[in-house]
Amino acid sequence: MTGIRDELAHEQTVVDVLYARLDELRGAARDRLRRVRRAGAVGTHQNRSERDAFATHYEDRMAQLDAVEDRLAFGRLDLQEGTTRYVGRIGLTDDEHRSLLTDWRAPAAEAFYRATALHPHGVERRRHLVTKGRSVTAVEDEVLDLSADVDTDSLSGEGALLAAMAAGRTGRMSDIVATIQAEQDRIIRSELTGALVVQGGPGTGKTAVALHRAAYLLYAHRRLLERSGVLLVGPSSSFLRYIDQVLPSLGETGVVSTTIADLLPGVRARAHDEGAVAEIKGRLVWREIVRRAVRARERVPATDVRVRVEGHDFVIRRRDIRDAIAHARRAHKPHNAARATFVRDALGRLADQYRDLVGGPLSPEDRASVMEDLRGNRDVRVAINLAWFPITPEKLVEDLFAKPHRLEEAAPELTAADRALLFREPGSPWTESDVPILDEAADLLGEDDSLAQAEARARATERAAEVEYARSVLSSGAAATMIQVDAETLASRFAPTGPRLTTAERAAADRAWTYGHVVVDEAQELSPLAWRMLVRRVPTRSLTIVGDVAQTSSPAGARSWAAHLRPILRDGWRLAELTVSYRTPATVADTAQRVAVAAGLPVSDLRAARDVTGSLTVVGTGRGERGTSSRSVGSTVPDDVVVTEALSLAKEFVGAEAGRVAVVAPAGRVTGLADALTAALPGGLGADEAARLTAQRPEDAQVTVLEPRETKGLEFDAVVLVEPAEVAEGSGGTSDLYVAMTRPTQRLVVVHARDLPEGFEQ
Ligand SMILES: Nc1ncnc2c1ncn2[C@@H]1O[C@H](COP(=O)(O)OP(=O)(O)OP(=O)(O)O)[C@@H](O)[C@H]1O
């Protein structure tokens, strides 16, 4: 006992020193910020810009230091060479630059996650520190000597890991930095280049690994990625909310998180297409369809057109227009950008008619003035527009869906039945699967040339001056006290126009932005066309792709990574697998695996890290079910049975701080069950608790009713699954059932009236 108490006391002393240092750094950053702010908005424009830039950096630094308060230090390595190293959320040094704490992402921390008895990586003992606030409450040691029969498969930091797995869920994902397992660490630290596909069953930590990898890459390649940015793509905005604490808790805020639906600036896609339509819209053939639709806006008129300008007759000849179109196309520019070439050429040919009319060569000034007159004439403008129509991506795509003749002309690859499915009224809301088509259109249409070019020239000149100025600030040493920064980044903070934007903000607003790395979660749901859209944003193909092809619910999604990714990445990707479930108790995980295998889903191996007694309960309510006759009969699960089960789980698992219970039901039953449950809350849990729960925002709700696909990527302490057979018949098939069954961390209660799907019972 004394031994442990001494150990705790010793670790407390170390942890106290680390927090003292953290407080000191915070104080210093706060003082610097105060000093900069006190200087106020006076002085020259350059002085003000410089102060703003410093202020922003100190604010960033303070946010970073604040974010690491919780579990600042969580590990200790005793090395065979006789030294000791503490591992934590950030690196800390003392005034003499001696290391106090090693950042978990630094090479020196790698052994904390990788060392095993067989491969000790120079480690004699690994210690997990368990802290509450700033107090050390426990330590957990693993001795990594070379004794022969040690199970090298055992989980590292098992006590801390099991505690994390058993903790009540809050509706926000938390980081796993203290308990990352070796198979996960290898993926997190995998090299930046190329595309890495991480396949793993439900609960194997794919999301956690993807987020920690983003933080690791930002640390290991900061110079490159801080400037180009990292894009994180998730399946839905509720999922993004679920994970939005993880990166800030790791000290990273510079990642653009979005969904495919929100990836195109200026387009808000809030509607969803039903399965068959989503599948058609996800096909790669849209590249050709959109290309033809664009070409249809470059059109030779049916007949020559006569116009009268300033008292002279001109003929807009079909032949001239054909040649001008061919000439403009040869520039290989997007449609709207190439339009300027077409217009110049077409007007030039009309000016030639004028020259022939007056019978002599024109001086450059005369020619320019004739062309201006022609350009200003309404009939000429109409004829030119009809020949080369300037058009936005939105209008082009809307016309394809609202005007059947346009789609028929552009899409010979689609059957008449497919085309009929795509029809919709003009003005209909954009759907998520429209977005990659809009992006193809934006790519082929480009922007209207002249204005954009003038703006780009002005921006480039401005930017060069800013970078030059930032360089002079850096070389003058004025920035020596700032956190590491390069001239480009600093320049973007100095930019005099508009608000100072971070890389992430600038990237999110710019369709043509190319990122240094892209992380895609629930990647199995992306259609081939959505992949094209993403890859366009990362020309280096530096990607982390995490998902599970057994959980695919979208008919446009992947059932095999190789088949799905080949058209986009060819063979340029590598595969890593995760095999241990850190979420679902073994009994539940094994049952879900059997159901998935029986349905022929391409499941990965899955081994649960733990089991929980009584984690699976099956309640039958159908006719002839043993022991259920008093409840009800019939082939539909009654609402009241579901409500009773949900209330009983809420009593057991939901507390003021944490704990979440979800009813997962076929889509058609969600509203009815939600109403029934809300009505029953006061009677079941008391008026106060009911009021507290009903006041919660949907995304934070501790007791909630969802359809299977809404639960993708999420987790709950306990789940009531309503009528699995019907869930499996929904549009997402058994994949949706597999997802629903693997959401709970503690308990799954299955309520059914119909027969259970195959594989359920052993
Ligand atoms: N090394 C770990 N230490 C502690 N908890 C972990 C660890 N790895 C994963 N977890 C936890 O396991 C749960 C499942 O992780 P995560 O959501 O990342 O899995 P997933 O593979 O993305 O699941 P799904 O396929 O269902 O979306 C989370 O609560 C996560 O925090």
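Every chain begins its residue count from 1, and numbering advances along the sequence as written. Side-chain atom pairs in this predicted model are given and counted only at pLDDT of 80 or more, local residue features only at pLDDT of at least 70, and totals for whole chains, interfaces and linings cover all residues.

The protein chain has the name AAA family ATPase in an unreviewed UniProt entry, where Antribacter soli is given as its organism.

S.K.: What am I meant to see in the overall build of the protein chain here?
M.R.: In this description a helix means any DSSP run of H or I spanning at least four residues, a strand means any run of E spanning at least two, and both kinds are numbered starting from the N terminus. Within the protein chain one finds 30 helices and 21 strands. To assign burial, the other C-beta atoms lying within 10 Å of each residue's own C-beta are counted, with C-beta atoms placed from the backbone; 20 or more indicates buried, 12 or fewer indicates exposed, and intermediate counts indicate partly exposed. Out of the 762 residues in the protein chain, the part that is buried amounts to 40%. Whether two residues are in contact depends on their C-beta atoms, placed from the backbone: they are in contact if these lie within 7 Å. The contacts in the protein chain between residues at least 6 apart in sequence include a share of 75% that link residues at least 24 apart.

S.K.: Honestly, the sheet that holds strand β9 (residues 255–258) in this entry has me stumped. Any pointers?
M.R.: Paired through their backbone hydrogen bonds, the strands of a sheet run either parallel or antiparallel. Pairing between strands is defined by DSSP: at least two bridges between the two strands are required. The strand order across the open sheet formed by six strands is β9-β8-β12-β13-β7-β14, and the pairing between neighbours is parallel. Looking at strand neighbours, the two that pair on one side only are β9 and β14 (573–578), the edges of this open sheet. Strand-to-strand twist across the sheet, computed as the mean angle between neighbouring axes with direction ignored, equals 15°. Sheet topology note: the strand β8 (residues 230–233)/β9 ladder contains four bridges and is parallel. Its bridge partner being in β9, L231 is matched across the sheet by V256. Fitted lines through C-alpha atoms give the axes, limited to the stretch in contact for helices. The angle between two N-to-C directions lies from 0 to 180 degrees.

S.K.: Even after reading the chapter, I still don't get helix α26 (residues 639–653), so can you show me in this structure?
M.R.: Residue pairs spaced three or four apart in an α-helix point in one direction, given the helix's 3.6 residues per turn. Take the residue count of a helix, subtract one, and multiply by 1.5 Å to get its expected span. When the terminal C-alpha atoms of α26 are compared, their 21 Å separation across 15 residues agrees well with the 21 Å that a helix rising 1.5 Å per residue should span. Within α26 the residues assigned to the buried category are V642, V643, E645, A646, L647, L649, A650 and F653. For α26, the secondary structure elements touched by its buried residues are β17 (616–620), β18 (661–664), α27 (670–685), β19 (703–706), β20 (716–722) and β21 (744–752).

S.K.: In this structure, what is going on with the environment of K395? I would like to understand it.
M.R.: By secondary structure assignment, the location of K395 is in helix α16 (residues 393–402). In this structure the C-alpha to C-alpha distance between K395 and A441, which are 46 residues apart in sequence, comes to 9.8 Å.

S.K.: Explain the packing of helix α23 (residues 528–536) against helix α24 (residues 561–569) here, please?
M.R.: Running from N to C, α23 and α24 cross one another at 40°; their axes reach a closest spacing of 10 Å. It follows that α23 is oblique to α24 by the angle criterion. The handedness of the crossing between α23 and α24 is right-handed. For the pair α23 and α24, contact is made by P528, W531, R532 and V535 and by H564, P567 and I568, respectively. For the contact of α23 with α24, the per-class residue count stands at five nonpolar, one polar and one charged. Note on terminology: angles under 35 degrees are roughly parallel, angles over 145 are roughly antiparallel, angles of 65 to 115 are roughly perpendicular, and the others are oblique. Two helices crossing with the near one rotated counterclockwise from the far one by less than a right angle form a left-handed crossing, whereas a clockwise rotation gives a right-handed crossing. Amino acid classes used here: Ala, Val, Leu, Ile, Met, Phe, Trp, Tyr, Cys and Pro are nonpolar; Asp, Glu, Lys and Arg are charged; the rest, including Gly, are polar.

S.K.: Can you help me understand the sheet that holds β17 in this one?
M.R.: Reading across the sheet, the five strands line up as β17-β21-β20-β18-β19 and stay open at both edges, with parallel pairing between neighbours. The strands lining the two open edges of the sheet, one partner per strand, are β17 and β19. The average undirected angle you get between the axes of adjacent strands in this sheet is 15°. Sheet topology places β18 next to β19; four bridges connect them, and they run parallel.

S.K.: Sorry if this is basic, but what is going on with the UniProt feature "binding site: ATP" (unreviewed entry) in the protein chain here?
M.R.: Feature annotation in UniProt places "binding site: ATP" (unreviewed entry) on G200, G201, P202, G203, T204, G205, K206 and T207, given in this structure's numbering. Looking at the secondary structure, you find G201 in the loop between β7 (195–200) and α6 (206–220). Judged by the 28 C-beta atoms lying within 10 Å of it, G201 is buried. In contact with G201, other than residues within four places in its own chain, are D548, S581, V603, S604 and L606. As for its placement among the helices and strands, T207 is situated in helix α6. Judged by the 23 C-beta atoms lying within 10 Å of it, T207 is buried. Here T207 is in contact with M173, I243, D521, V546 and G713, once residues within four sequence places are set aside. UniProt positions are given in the numbering used here, feature names are shortened, and annotations may be inferred rather than shown by experiment.

S.K.: Hey, could you run me through the pairing of strand β2 (residues 84–88) in this one?
M.R.: Sheet analysis places strand β1 (residues 73–79) next to β2, joined by five bridges and oriented antiparallel. Each bridged residue has a counterpart across the sheet, and for A73 the counterpart in β2 is G88. Between β1 and β2, which pair antiparallel one after the other, the connecting turn spans four residues, and G82 there sits at a positive phi close to 100°. Relative to strand β4 (residues 99–103), β2 runs parallel, the two sharing two bridges.

S.K.: Help me understand the site of the ligand, please; the structure alone is not making it clear to me.
M.R.: All residues are tested the same way: a C-beta atom is placed from the backbone, and lying within 6 Å of a molecule or strand makes the residue near it. Lining the immediate surroundings of the ligand are 23 residues, of which T179, G205, K206, T207 and Y582 lie closest. Elements with a minimum of two residues in the shell around the ligand: α4 (158–166) and α6. For the shell around the ligand, the per-class residue count stands at eight nonpolar, 11 polar and four charged.

S.K.: I tried to follow the confidence of the model for the protein chain on my own but got confused; where do I start?
M.R.: Low pLDDT means the predicted atomic positions in that stretch should not be read closely. Taken residue by residue, the protein chain gives an average pLDDT of 88. The fraction at 70 or more is 88%. In this model residues 476–485 is a low-confidence stretch, pLDDT under 50, and it forms 11 contacts with partners more than four residues away in sequence or in other chains. Predicted complex, confidence summary: ipTM 0.99, pTM 0.87. Scored from 0 to 100, pLDDT reflects the predictor's confidence in each residue.

S.K.: I would appreciate a short explanation of helix α11 (residues 286–295) in the present structure.
M.R.: Among the residues of α11, those classed as buried are W286, I289, V290, A293 and V294. Looking straight down α11, one finds that the buried residues subtend no more than 135° of arc, so they occupy a single side. Elements that come into contact with the buried residues of α11 comprise α13 (335–358), α16, α17 (404–410), α19 (435–445) and α23. Working definition: the arc comes from the directions between the helix axis and the C-beta atoms, pointing outward to the latter.

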